[in-house]
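A closer look at the structure
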Amino acid sequence: MEKAPLPLIGLTGLYCAGKNYVASILEERGLEVLDVDKLGHAATELEKEPIVRHFGDTVLNSDGTVNRKTLGELVFGKPDELAFLEGIIHPAANRLTEEWIENGSGKIKVINAALLHRSTSFGRLDFIIIVRAPLITRFLRARKRDKLPFRQLIKRFKSQKEFISQYLSQNADIRIVDNKGYFGICSRLYRRRLENRIDEILAKAGCVLQEPSKEK
Ligand SMILES: CC(C)(COP(=O)(O)OP(=O)(O)OC[C@H]1O[C@@H](n2cnc3c(N)ncnc32)[C@H](O)[C@@H]1O)[C@@H](O)C(=O)NCCC(=O)NCCS
Ligand SMILES: Nc1ncnc2c1ncn2[C@@H]1O[C@H](COP(=O)(O)OP(=O)(O)OP(=O)(O)O)[C@@H](O)[C@H]1O
């Protein structure tokens, strides 16, 4: 008898909601996670020529690599410029994602992508995990991790205004995960709740590779 295909899961959420944080928990449970932001970074280097032609060589570091911080300043808050950059990066990221899906590893696969709703693989997903965190928590995490000026952060937040409604309008099968932790504040309690929620989702979807935690 032929084995049923393994589920393909999507993982998404707004800026600094904690997609990577959740991804690492899924990896601990034996799932294989693709980081599409990282594919985008690789695509930026591969497609450097048209990027520099359009945005100028101020987007280059002294070693010739693309300075993504500078590029971010030029695109966030400018929809036409962002759309231009996406037009270069997304086809490459989509191609690499499709290749990764086809490459059978025997593990349950998870696509971790901020722009999952626009991925060509969207229709292949069995369900989607959306990571949520309060706005202020996301803002503090972003300040700490990316060290961007306040205005830049606001622009990045604003560029994602319609992201969640996109999933709702596409009737996606959504599982919400709350990730409220930040620093030491209740972090162990939040972490335990988060892990329990992830185990619950995996168990219900028949993706359990280890016993879910009994602790509540
Ligand atoms: C502007 C760039 C150079 C900034 O690079 P940087 O290293 O600072 O950010 P990184 O790529 O790691 O993204 C961090 C977060 O920013 C947000 N973000 C990135 N791209 C976008 C976008 N097109 N629209 C809205 N939010 C975005 C997401 O929350 C993402 O998780 C880079 O994000 C980019 O090239 N974006 C356009 C292409 C794209 O959509 N990439 C993401 C998926 S392939
Ligand atoms: N529960 C948590 N407790 C403490 N720190 C956290 C928690 N979740 C996330 N963080 C921190 O917040 C920052 C953003 O988290 P993460 O990279 O997982 O978010 P993301 O949604 O993948 O971000 P982006 O889409 O912007 O790349 C990281 O520095 C991470 O270590």
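Residues numbered from 1 in each chain as written. Chains lettered and ligands numbered in written order. Predicted model: local features only at pLDDT ≥ 70, side-chain atom pairs only at ≥ 80, totals over all residues. Heavy atoms only, no water.

**Quick look at the sheet that holds strand β1 (residues 8–13)**
If you trace the five strands from one edge of the open sheet to the other, you get β2-β3-β1-β4-β5, paired in parallel fashion. Where the open sheet ends on each side, the last strands, each with one partner, are β2 (32–35) and β5 (174–178). Between one strand axis and the next, the sheet turns through 25° on average, direction left out of account. Of the pairings in the sheet, the one linking β1 to strand β4 (residues 127–132) comprises five bridges and is parallel in character. Bridging from a neighbouring strand, I9 pairs with F127 of β4. Sheet strands touched by helix α1 (residues 19–28): β1, β2, β3 (109–112), β4 and β5. Its angle to β1, the strand with the most contacts, is close to 150°. Those strands touched by helix α9 (residues 187–204) are β1, β4 and β5, and its axis lies near 165° from that of β5. (Pairing = 2+ DSSP bridges. Helix = DSSP H or I, 4+ residues; strand = E, 2+ residues; numbered from the N terminus. Axes fitted to C-alpha atoms, helices over the stretch in contact; angles between N-to-C directions. Contact = heavy atoms within 4.5 Å.)

**Some words on the site of ligand 2**
Near ligand 2 lie 14 residues; those nearest to it are Y15, K19, Y21, R145 and N179. G18 is positioned with one of its backbone polar atoms (N or O) 3.0 Å from an oxygen atom of ligand 2. R145 places a side-chain nitrogen or oxygen 2.9 Å from an oxygen atom of ligand 2. Calculation on ligand 2 without its partners gives an accessible area of 630 Å², and the protein chains cover 80% of this total. Mapped onto the shell around ligand 2, the elements with two or more residues apiece are α1 and α6 (135–146). At three residues, α1 tops the list of elements feeding residues into the shell around ligand 2. The residue inventory of the shell around ligand 2, partitioned by class, reads six nonpolar, four polar and four charged. (Near = heavy atom within 4 Å. Polar contact = N/O pair within 3.5 Å; in protein donor to acceptor, adjacent residues only side chain to side chain. Areas by Shrake-Rupley, 256 points an atom, 1.4 Å probe, with all protein chains shown as cover. Nonpolar A, V, L, I, M, F, W, Y, C, P; charged D, E, K, R; others polar.)

**A few points about the side chain of K19**
Relative to the helices and strands, K19 is located in helix α1. It turns out K19 is buried and unbridged, and the closest side chain with the opposite charge, D37, is 5.6 Å from it. In terms of polar contacts, K19 uses its side chain to reach the backbone carbonyl oxygen of G13, at 3.0 Å. Among all residues touching K19, those that are not within four sequence positions of it are L11, T12, G13, L14, N112, A113, A114 and V131. (Buried < 20%, exposed > 50% of the residue type's maximum accessible area, 1.4 Å probe, protein only. Lys, Arg positive; Asp, Glu negative; His and termini not counted. Salt bridge = Lys/Arg side-chain N within 4 Å of Asp/Glu carboxyl O.)

**Regarding the nonpolar core**
Among the nonpolar cores identified, the biggest contains 20 residues, and I9, L11, V22, L26, I129 and I198 are the most heavily contacted of them. Only β1, α1, β4 and α9 provide two or more residues apiece to this core. For L11, the residues in contact, after removing those within four places along its chain, are K19, V22, A23, L26, V110, I111, N112, A113, L116, I129 and V131. (Core = buried A, V, L, I, M, F, W, Y, C linked by side-chain atoms within 4.5 Å.)

**Details of the UniProt feature "binding site: ATP" (unreviewed entry) in the protein chain**
UniProt feature "binding site: ATP" (unreviewed entry): in the numbering of this structure it lies at C16, A17, G18, K19, N20 and Y21. A relative accessible area of 10% places K19 in the buried class. Within the secondary structure, Y21 is located in helix α1. Every residue in contact with Y21, bar those within four places of it in the chain, is listed here: N179, R191 and L194. (UniProt positions renumbered as here; feature names shortened; annotations may be inferred.)

**What about the packing of α6 against helix α7 (residues 150–158)?**
Across the interface, α6 lies against α7 with an axial gap of 11 Å and an inter-helix angle of 130°. With respect to α7, the element α6 is oriented oblique. The element α6 and its partner α7 pack so that their crossing is right-handed. Of α7, the residues touching α6 (which contributes L135, R138, F139, A142 and R143) are F150, L153, I154 and F157. When its residues are assigned to classes, the contact of α6 with α7 shows seven nonpolar, no polar and two charged. (Parallel < 35°, antiparallel > 145°, perpendicular 65-115°, else oblique. Left-handed = near helix turned anticlockwise from the far one by under 90°.)

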